[in-house]
Amino acid sequence: QVRLVESGGGLVQAGGSLRLSCTASEGTLSSSTMGWFRQAPGQEREFVGAVTPRGRVTVFGDSVKGRFAISTDNDKNAMYLQMNSLKPEDTAAYYCAAAPRPIPYAYRDFRQYDYWGQGTQVTVSS
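Our subject in this report is the structure included herewith. Note that this is a predicted model, so its numbers are computed, not measured.

## Thoughts on the side chain of Thr 52
- The topology assignment puts Thr 52 in the loop between strand E5 (46–51) and strand E6 (58–60).
- Residues within four places of Thr 52 in sequence aside, it is in contact with Ser 32, Thr 33, Val 57 and Tyr 107.

## Regarding the pairing of strand E9 (residues 92–99)
- E9 sits mainly inside the fold: seven of its eight residues count as buried.
- Where strand E4 (residues 33–39) lies against E9, seven bridges are found, and the strand directions are antiparallel. Bridging across to E9, Phe 37 finds its partner in Tyr 95.
- Pairing of E9 with strand E11 (residues 120–125), which is carried by three bridges, proceeds in the antiparallel orientation. When the sheet's bridge partners are listed, Tyr 94 is paired in E11 with Thr 120.

## A word on the state of the cysteines
- For the structure shown, the criterion picks out one disulfide.
- What pairs with Cys 22 in a disulfide is Cys 96, and their sulfur atoms sit 2.2 Å apart. With the S-S bond torsion at 65 degrees, the cross-link from Cys 22 to Cys 96 turns out right-handed. Of this pair, Cys 22 sits in strand E3 (residues 18–24) while Cys 96 sits in strand E9, and the two are 74 residues apart along the sequence.
- Using a relative accessible area of 0% as the deciding quantity, one classes Cys 96 as buried.

## A word on the nonpolar core
- One finds Met 34, Trp 36, Phe 68, Met 79, Leu 81, Met 83 and Tyr 94 to be the most contacted residues of the largest nonpolar core, which totals 26 residues.
- Among the elements of the structure, E3, E4, E5, strand E7 (68–73), strand E8 (78–83), E9 and E11 are those that each provide at least two residues to this core.
- Membership of the second largest hydrophobic core comes to eight residues, among which are Phe 37, Phe 47, Ala 97 and Ile 103.

## Description of the packing of aromatic side chains
- Within the structure shown, the criterion is met by four aromatic pairs.
- Between Phe 37 and Trp 116, the ring centres sit 5.3 Å apart and the planes meet at 50 degrees, which makes this aromatic pair tilted. Within this pair, whereas Phe 37 is found in strand E4, its partner Trp 116 is found in strand E10 (residues 115–116), the two being separated by 79 residues in sequence.
- With a relative accessible area of 1%, Phe 37 lands in the buried category.
- Given a relative accessible area of 28%, Trp 116 falls into the partly exposed group.
- Geometrically, the ring pair formed by Tyr 113 and Trp 116 is edge-to-face, given 6.2 Å between the ring centres and 65 degrees between the ring planes.

About the criteria used
- Residues numbered from 1 in each chain as written.
- Predicted model: local features only at pLDDT ≥ 70, side-chain atom pairs only at ≥ 80, totals over all residues.
- Heavy atoms only, no water.
- Helix = DSSP H or I, 4+ residues; strand = E, 2+ residues; numbered from the N terminus.
- Contact = heavy atoms within 4.5 Å.
- Buried < 20%, exposed > 50% of the residue type's maximum accessible area, 1.4 Å probe, protein only.
- Pairing = 2+ DSSP bridges.
- Disulfide = S-S within 2.5 Å.
- Core = buried A, V, L, I, M, F, W, Y, C linked by side-chain atoms within 4.5 Å.
- Phe/Tyr/Trp six-rings, centres within 6.5 Å; stacked < 30°, edge-to-face > 60°.

Laid out in structure tokens, this is it:
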């Protein structure tokens, strides 16, 4: 029932910015914890950030804290990941995910999320 679609990835020079979008099924944002994860070739899936239902609280991984931000638009059923000061090590496939139940202390664990988008590739050149 929950559908997630990412968009906005691309090629960007180091120091630049991108904004990723995750469009969700109607009602998902109001009832789910929403997360962003990324995975580079040969690397483990890495937590990027998450937002609690209705966008009340956000949390970020250490590697992106201070550079990335998450926002939501309930009317558009969309979540956004604003990425600034991009570095080559940010290169990865980025995925949005939804957990339609409370996971207040497990935001970083990808196994807590039940629904996933197909991903969008972000490549940062040096």
